[in-house]
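# Residue-level structure breakdown
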Amino acid sequence: MPAKNPPSERVQETPMMRQYRAAKRKHPQALLFFRMGDFYELFFDDAKVAARELGLALTARDKERQVPMAGVPVRAMESYLVRLVRAGHTVAICEQLQDPRECKGIVERDVVRVVSPGTLVEDEALVGSEPLFVLAVDAAAGADFGLAWADLSTGAFRCAAAAPAALAEELARIGPAEIVLADLHEADGAAATHRRLALVRELAAREEIPLTLRPPWTFDARNGARDLCEQLGVATLEPYGVADRPELLAACGALLDYLRDTQKGTLGQIRDLRRHEPARHLILDRATRRTLELVRSQQDGGRDGTLLAVLDRCETPMGSRRLRDWLLEPLVELSAILARQEAVAELFEDHDRSERLRAALDGMGDLERTAGKVAAGRAGARDLVALAAALERVPALVAGLSGCAAGALADLGGRLDPLADLAGRIRATLVEDPPLNLKEGGLVRDGFSSEVDELRALARGGKDYLLALQEREIERTGIPSLKVGFNRVFGYYLEITHAHRERVPEDYVRKQTLKNAERYITPELKEYEAKVLGAEEKVKALEYEIFTELREAAAAETGRLLATAAAAAELDALLALARVAVERRWCRPELCEEPAVLEIEEGRHPVVEAALRDEPFVPNDTRLGPDSRLVVLTGPNMSGKSTWLRQTALIVLLAQMGSFVPADRARIGLADRIFTRLGTGDDISRGQSTFMVEMVETADILRNASERSLLLLDEVGRGTSTFDGLAIAWAVCEYVHDRIGARCLFATHYHQLTDLAAGLERARNQNVAVREWGDEIVFLHRIEEGGTDRSYGIHVARLAGVPPEVLDRAREVLERLERDEEGLSRRILGAAAGAAAAAEPPAEPAPVQPSLFDLLEAADEDLLEELRRTEMDALAPIEAWRLVERIKRALGAP
Ligand SMILES: Nc1ncnc2c1ncn2[C@@H]1O[C@H](COP(=O)(O)OP(=O)(O)OP(=O)(O)O)[C@@H](O)[C@H]1O
Ligand SMILES: [Mg+2]
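Residues numbered from 1 in each chain as written. Chains lettered and ligands numbered in written order. Predicted model: local features only at pLDDT ≥ 70, side-chain atom pairs only at ≥ 80, totals over all residues. Heavy atoms only, no water.

As summarised here, the arrangement of the seven strands in space is S13-S23-S24-S25-S21-S26-S27, forming an open sheet in which the pairing is mixed. Every interior strand has two partners, whereas the edge strands, strand S13 (283-284) and strand S27 (776-785), have only one. The sheet contact formed by strand S24 (residues 710-714) and strand S25 (residues 743-748) spans five bridges and is parallel. Directly across from Leu-712, in S25, lies its bridge partner Leu-745. Docked against the sheet, helix H22 (residues 690-704) engages strand S23 (673-677) and S24, running at close to 155° with respect to S23. (Pairing = 2+ DSSP bridges. Helix = DSSP H or I, 4+ residues; strand = E, 2+ residues; numbered from the N terminus. Contact = heavy atoms within 4.5 Å. Axes fitted to C-alpha atoms, helices over the stretch in contact; angles between N-to-C directions.)

The next subject is the pairing of strand S7 (residues 134-138). A large share of S7 lies buried, amounting to five of its five residues. Side chains Val-134, Ala-136 and Asp-138 project from S7 onto one buried face, and the interleaved Leu-135 and Val-137 project onto a second face that is buried too. Bridge analysis of S7 against strand S8 (residues 145-151) gives five bridges, and the strand direction is antiparallel. What sits directly across from Asp-138, in S8, is Gly-146. Counting the residues in the hairpin turn of S7 and S8 gives six residues. In this structure, S7 lies alongside strand S10 (residues 178-182), joined through three bridges in parallel fashion. Considered in S10, the bridge of Val-134 is made with Glu-178. (Buried < 20%, exposed > 50% of the residue type's maximum accessible area, 1.4 Å probe, protein only.)

Right, let's get into the packing of aromatic side chains. Evaluation of the coordinates by the stated rule reveals nine aromatic pairs. Ring geometry for Tyr-20 against Phe-34: centres 5.4 Å apart, planes inclined by 80°, an arrangement best described as edge-to-face. Pair noted here: Tyr-20 is in helix H1 (residues 15-26) and Phe-34 is in strand S1 (residues 31-36), with a separation of 14 residues, a long-range link. Each member of the pair, Tyr-20 together with Phe-34, is buried. Ring geometry for Tyr-465 versus Tyr-528: centroids 3.5 Å apart, planes at 15°, classification stacked. Remark: Tyr-528 occurs in helix H18 (residues 523-555) and Tyr-465 occurs in helix H17 (residues 450-477); sequence separation between them is 63 residues. By relative accessible area, Tyr-465 is classed as partly exposed at 21%. Here the aromatic cluster, defined as three or more aromatic residues joined through ring pairs, consists of Tyr-20, Phe-34, Phe-43 and Phe-44. In this arrangement the basic side chain of Arg-340 is found over the ring face of Trp-326, its NZ or CZ atom lying 3.9 Å from the centre. If you follow Lys-439 out to its NZ or CZ, it ends over the ring of Tyr-544, 5.0 Å from the centre. (Phe/Tyr/Trp six-rings, centres within 6.5 Å; stacked < 30°, edge-to-face > 60°. Lys NZ or Arg CZ within 6 Å of the ring centre and 35° of its normal.)

It is worth spelling out helix H5 (residues 191-206) at this point. Since the α-helix advances by 3.6 residues per turn, residues separated by three or four positions end up pointing in the same direction. Here H5 spans 22 Å end to end across 16 residues, near enough to the 22 Å set by a 1.5 Å rise per residue. Within H5, burial applies to Thr-193, Arg-196, Leu-197, Val-200, Leu-203 and Ala-204. The arc that holds every buried residue of H5, seen down its axis, measures 120°, which confines them to one face. In H5, the exposed residues that point more than 90 degrees away from the buried face are Ala-191, Arg-195, Glu-202 and Ala-205. Against the buried residues of H5 lie S7, S8, helix H4 (167-174), S10 and strand S11 (211-214). Positive backbone phi, at 55°, marks Glu-208, one or two positions downstream of H5. (Expected span 1.5 Å × (residues − 1). Arc of directions from axis to C-beta.)

Where like charges cluster on the molecular surface, the negative patch consists of Glu-451, Glu-454, Glu-545, Glu-549 and Glu-552. Of all the secondary structure elements, the ones that give two or more residues to the negative patch are H17 and H18. When residues in the negative patch are grouped by element, the largest group, three residues, is from H18. Of note, Glu-451 is situated in helix H17. A relative accessible area of 48% means that Glu-451 is categorised as partly exposed. (Patch = residues over 30% accessible without salt bridge, like charges linked within 9 Å, V, L, I, M, F, W, Y side chains within 5 Å. Areas by Shrake-Rupley, 256 points an atom, 1.4 Å probe, with all protein chains shown as cover. Salt bridge = Lys/Arg side-chain N within 4 Å of Asp/Glu carboxyl O. Lys, Arg positive; Asp, Glu negative; His and termini not counted. Charge placed at Lys NZ, Arg CZ, Asp CG, Glu CD.)

Scope: geometric values only; no functional claims are made or implied.
Next up, the structure:
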């Protein structure tokens, strides 16, 4: 929220206030942190906002004009900054550019950085295992949206084109913390552009991503190309695959422009651009990513209960981020997957090597983010020491990788660079455990610089001298409590309590009177003070200079540092996959290009298995092939239908990210997309009608799935009345089977569908076994061949504590319903089979297959209307029974 400040007032302003206004004018949208000594002060409306958000005391700067003011201490600035930006504000930091002691008049100040949600790279704000992306969208009317995004903490820089229909998916996949968009005036630009901008705004609002509006001219392809060349230090953009894509150039340019504007300093960490090509990745839409709980749980959006939580056995945060990338972008190219899988397999087999590598990575820390900080000039002395410590581990990694057979591992070994010179220089320069504050000395090792050593000796010697002087003066004056003290105003002084006032010698010059003491100076004292203070100040300045030189030397190696960090991160992620595979007894899947194949023996759900404590997880097979592409799975509630569907999806996904899989054996034909439509019961509500959401997602699947896709449909049609639902489920199954030919697992409570599967050539029925034990049922969680004709809903209702009276009545009603319903599916199937037979071969336009509705329509218009209007929730069992009876009659049954 922009904080508006009043226009400058009539009264003559102080020069400082003029300086303040100048800075504020440059960043009107931001809260301005104005450095004044040990505080960052906020004024006017900014002060009110900060006081409200941070609970600070609101004071007044200028009593006369009542300028509201609130201050944040410099030392605690980071946490205040993080809180404000997290609350949705942007903060401009205005620093003193000169040492106040060294300048006459007012110190020079300027904004050195603007911090927004997508550029909040403070250590305190970053989550180690997650990236922080700021993303620019070019929405100029054209075919595709241009997207460019970057993580300032690591220098990751990517771009992608997205068709309008795919934009929501792309944004969800990337998950930016901030979106940068053109602020196009209503009167400018084409109507289409405005519609596209509105779409981006709408998506950002839906995902609650803060928007930053930028001048439209920053989204310009030609300038973008120039800025990109400059940033990447190249003469041509050909190798990056963006040269002929104006939307990508415009987005990259706008992003760079924004980052340069906010970071002020260099963007040295941004050195490479990668174009994301959807065709090279397994596509997971938003619903799938969400319902499979890959990186966020549906329950609370946290990491617990996610696949990532099971996989992430990384030693470093950079490794965790890499693993997360892989998980969200599984591969589709066999060779690329095999390269990774081969590396995991070698680490899986060679336990000793893995242990050695892991030990070398342990404690390496976040080299990638440290390198990013160094490049951006934000690193402290502790960061440089951490950098050296990380680099010192690199030789052990290189050694650990030597002799590896897997190409990917050998390649990593080649990319790891110990930068021994730099590590050595850091160690030689800085003390082991340097202070946080860079300007108070104590950074540089003794023996590194003779100048530092001399100044230190002088400062220390001067102090000794002062102590000796104190002793001497006590003796001379006979005042035992006489002491030498120091304050910033008077420097060194001799303090004597009033009780001994008479004994003060003549040569003492009085400087200050306190309540019960007087302070004096002597010429001798002043002389030494000059020496000591001078030396202390000088050594601090010198140490800071030595430090910044060192930091610049490190920044000059950013390219090598980031390359090394990337290799270490990859190795860490590979080791994590190997480790999970060993610990959880996963197997190496066999991958092939045959689209129909999906054979999993003794598959397990990696997350449910990890969570089960009291009972073992029951493994299950999944067997799909050219002759069996569709499985209709029936089974009671709580039996494990959804679990099996999800585990199958997760196994395919894991296989395509190069991982081992939770199964005894697996052979997997590569998928191009995984679609999931998981039942309303498993869904989180999103304010839309649940049935509507379900149908939108189903429509999307039917339109976009291919023969190579994997479809998991869980209780499609459940969200509406039984007949509507059954009719839709039936038609969807047929469509998938006949037209798409994708591998599909379809879980349903409509056991009528088993008749359908029985009649389809490449479909099969399976069910989840339960055993009845008297009146009880026992869930075996085992998938078996064949259908079921019972749904055990009443049993489950009993387990849930529904009163016996209701259960008895329900049983009665059910019996009658079942009796009357017999033959329903036979009729549907009969009609469909007849039509299908007539259509063989399908040379002519495909005949319309009669649906349940057609059957009814022919029979009775009124009845159909009644069916449509029937609300299942409000339907009493007896009414349901009567309805079915009427339907039967309408269908001509006796
Ligand atoms: N193979 C298995 N081994 C052990 N426990 C399992 C297995 N599959 C499922 N379970 C347990 O059963 C619970 C219910 O499973 P799931 O949600 O898959 O049932 P469902 O058949 O989809 O039920 P509903 O029809 O109500 O949606 C799970 O939370 C899990 O604890
Ligand atoms: Mg379920």
